[in-house]
Amino acid sequence: MVKLFESIAFRGVELGNRIVVSPMGMYSADNGYVTPFHLVHYGKFAMGGAGLVFVEQTSVSRKGRITNGDPGLWEDGQIDGMRQIVHVIKSQGSKAAIQINHGGRKSSQQRAFRGNSHLTDRDIEMGEETWVPTGPSDVAFSDGFQTPIPLSKDGLTGVRDAFVATARRAVLAGFDVIELHMAHGYLLQSFLSPLANFRTDEYGGSLENRMRFPLEVTRAVRAALPSATPLFVRISATDWIDGGWEIEDSIVFSRKLKELGVDLVDCSTGGNLRAGSTNANLGRGPGYQVPFAERIRHEAAIATGAVGMIRTPDFAEKILQDGRADLIFMARQMLFDPFWALHAAEHFGLTGNFEKWPEQYAWWLAKWGGALRANGESLDGLERYREAAE
Ligand SMILES: Cc1cc2nc3c(=O)[nH]c(=O)nc-3n(C[C@H](O)[C@H](O)[C@H](O)COP(=O)(O)O)c2cc1C
């Protein structure tokens, strides 16, 4: 049995396979509202056969946006556009997930494809809005970034409530899975990491104190979700920086998440910086983050998602066969090949008659495969047509 194509259930939600389109910010929303671009973008991945399609990091508040182009669910009017995306994803047989986020000290930046840096005077002249971000402490993310305003106790309550209200709206929009973004230096991870959190109250200092606010948010969101709705959490399993957040911290944290009813830890890394530095020592190479998913899965006894430079069906399958993760998240390779899941099924010989493809395509592809073979031609995947299709 090919594990990549084995179904898996989280609470009341069954995914048809283990392939997940990882959250990817497109920075293309209009004042927090999704657009036709998003419908096409996400619908395409669902048509491509992934078991779970993530809608990108979506802001819980206007000032929690990383950029002016981030989608949001901070007001009810934003539900309808998301509902349409969910409808399109589900119409193709995939399940729909959303990652909810507050950008913290990395808020108020330029969109990634326009430089991914702080907003310049010229950007502001061109109409980009800028605002002072909030964070755990008054320490900027990096040179040139604004110094955040430390959140007061009331501010923390407001952010927690915004996560809850956003999660509720996501459920109303029809999402099957909700994920809290606790990675990449955004607000919740910046509470966890000693590189960003210098508080002297009960939310800073010891590991227990630094975990307190992210765990409060988790508890409140879990309580607001229907019991059948899975809750995932994306973490940065390590900051990759000496004196920062380490894998051992992630294991302790994942055990706490499990106690609170979190269903899967999605294991990313990095994205946070020590003040004044510009570069984290990122490990790179195929599957470079898989060892973190593996350790957390075994040592915290919770399901994990592996992500990062996983490109080939054989490698993805081996990660699952070796028991290193439960789901395979893929980002850039999905941009390159949105039909990756269907091509992977072909690779494993699972859809000799293209039966996993949209029925509107399958018959034609099978016929075409036959015609190509008769011509002595071959096109990767298509040569595995069945006699019956000729
Ligand atoms: C265009 C783009 C946007 C991304 N946006 C997000 C995001 O919204 N939330 C998130 O947690 N990670 C985001 N990521 C990180 C990916 O989800 C993924 O973890 C990373 O790209 C490594 O996986 P890959 O090697 O398969 O691309 C983004 C990556 C890309 C390429």
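- By the naming in an unreviewed UniProt entry, the protein goes by FMN oxidoreductase and is assigned to Bradyrhizobium cosmicum.
- What UniProt states about the protein under its Cofactor (unreviewed entry) heading is, verbatim, "FMN".

**A short note on helix H1 (residues 36–47)**
- Taking 1.5 Å per residue as the helical rise, H1 with its twelve residues ought to reach 16 Å, and the 16 Å between its terminal C-alpha atoms agrees with that figure.
- Every buried residue of H1 is accounted for by His38, His41, Tyr42, Gly43, Phe45 and Ala46.
- Downstream of H1 by one or two residues, Gly49 has phi in the positive range, about 95 degrees.

**Some points on the domain arrangement of the protein**
- Segmentation of the protein into domains returns domain 1 (3–350) and domain 2 (352–390).
- Look at where the C-alpha atoms of domain 1 and domain 2 centre, and you get two points 38 Å apart.
- The interface of domain 1 with domain 2 comprises ten residues on the first partner and nine residues on the second.
- Summed over both sides, the interface between domain 1 and domain 2 buries roughly 870 Å², with carbon and sulfur atoms accounting for 61% of that surface.

**Points about the site of the ligand**
- For the ligand, the set of nearby residues contains 15 residues, the closest of which are Ser22, Pro23, Gly25, Met309 and Arg332.
- Between the ligand and Ser22, the relevant distance is 2.8 Å, taken from an oxygen atom to a side-chain nitrogen or oxygen of the residue.
- In this structure, Met309 approaches the ligand through a main-chain N or O atom, which is 2.6 Å from an oxygen atom.
- Calculation on the ligand without its partners gives an accessible area of 610 Å², and the protein chains cover 82% of this total.
- By residue class, the composition of the shell around the ligand is six nonpolar, seven polar and two charged.

**Quick look at the pattern of salt bridges**
- Counted under the stated rule, the structure contains 19 salt bridges.
- The salt bridge partner of Glu202 is Lys153, with a shortest N-O separation of 3.4 Å. With Glu202 in the loop between helix H5 (187–192) and helix H6 (207–224) and Lys153 in helix H4 (residues 153–173), this residue pair connects regions lying 49 residues apart in the sequence.
- The exposure class assigned to Glu202 is partly exposed, which follows from its relative accessible area of 32%.
- Residues Asp201 and Arg199 are paired through a salt bridge, measuring 2.9 Å at the closest nitrogen-oxygen approach.
- Residues joined by salt bridges that share partners form a network here, namely Lys3, Glu6 and Arg18.

**Remarks on the nonpolar core**
- Within the largest apolar cluster, 81 residues are counted, with the highest numbers of intra-cluster contacts made by Phe175 and Ile296.
- If one sorts the elements of this core by residue count, H4 sits on top with eight residues.
- When neighbours within four sequence positions are excluded, Phe175 is seen to be in contact with Val55, Met82, Val86, Ala96, Ala97, Ile98 and Ala170.
- Listed in part, the 15 residues of the second largest apolar core include Ile8, Ala97, Leu264 and Ala303.

Scoring rules and cut-offs
Residues numbered from 1 in each chain as written. Predicted model: local features only at pLDDT ≥ 70, side-chain atom pairs only at ≥ 80, totals over all residues. Heavy atoms only, no water. UniProt positions renumbered as here; feature names shortened; annotations may be inferred. Helix = DSSP H or I, 4+ residues; strand = E, 2+ residues; numbered from the N terminus. Expected span 1.5 Å × (residues − 1). Buried < 20%, exposed > 50% of the residue type's maximum accessible area, 1.4 Å probe, protein only. Domains from an automatic or database assignment. Contact = heavy atoms within 4.5 Å. Buried area = accessible area lost by both parts, 1.4 Å probe. Near = heavy atom within 4 Å. Polar contact = N/O pair within 3.5 Å; in protein donor to acceptor, adjacent residues only side chain to side chain. Areas by Shrake-Rupley, 256 points an atom, 1.4 Å probe, with all protein chains shown as cover. Nonpolar A, V, L, I, M, F, W, Y, C, P; charged D, E, K, R; others polar. Salt bridge = Lys/Arg side-chain N within 4 Å of Asp/Glu carboxyl O. Core = buried A, V, L, I, M, F, W, Y, C linked by side-chain atoms within 4.5 Å.

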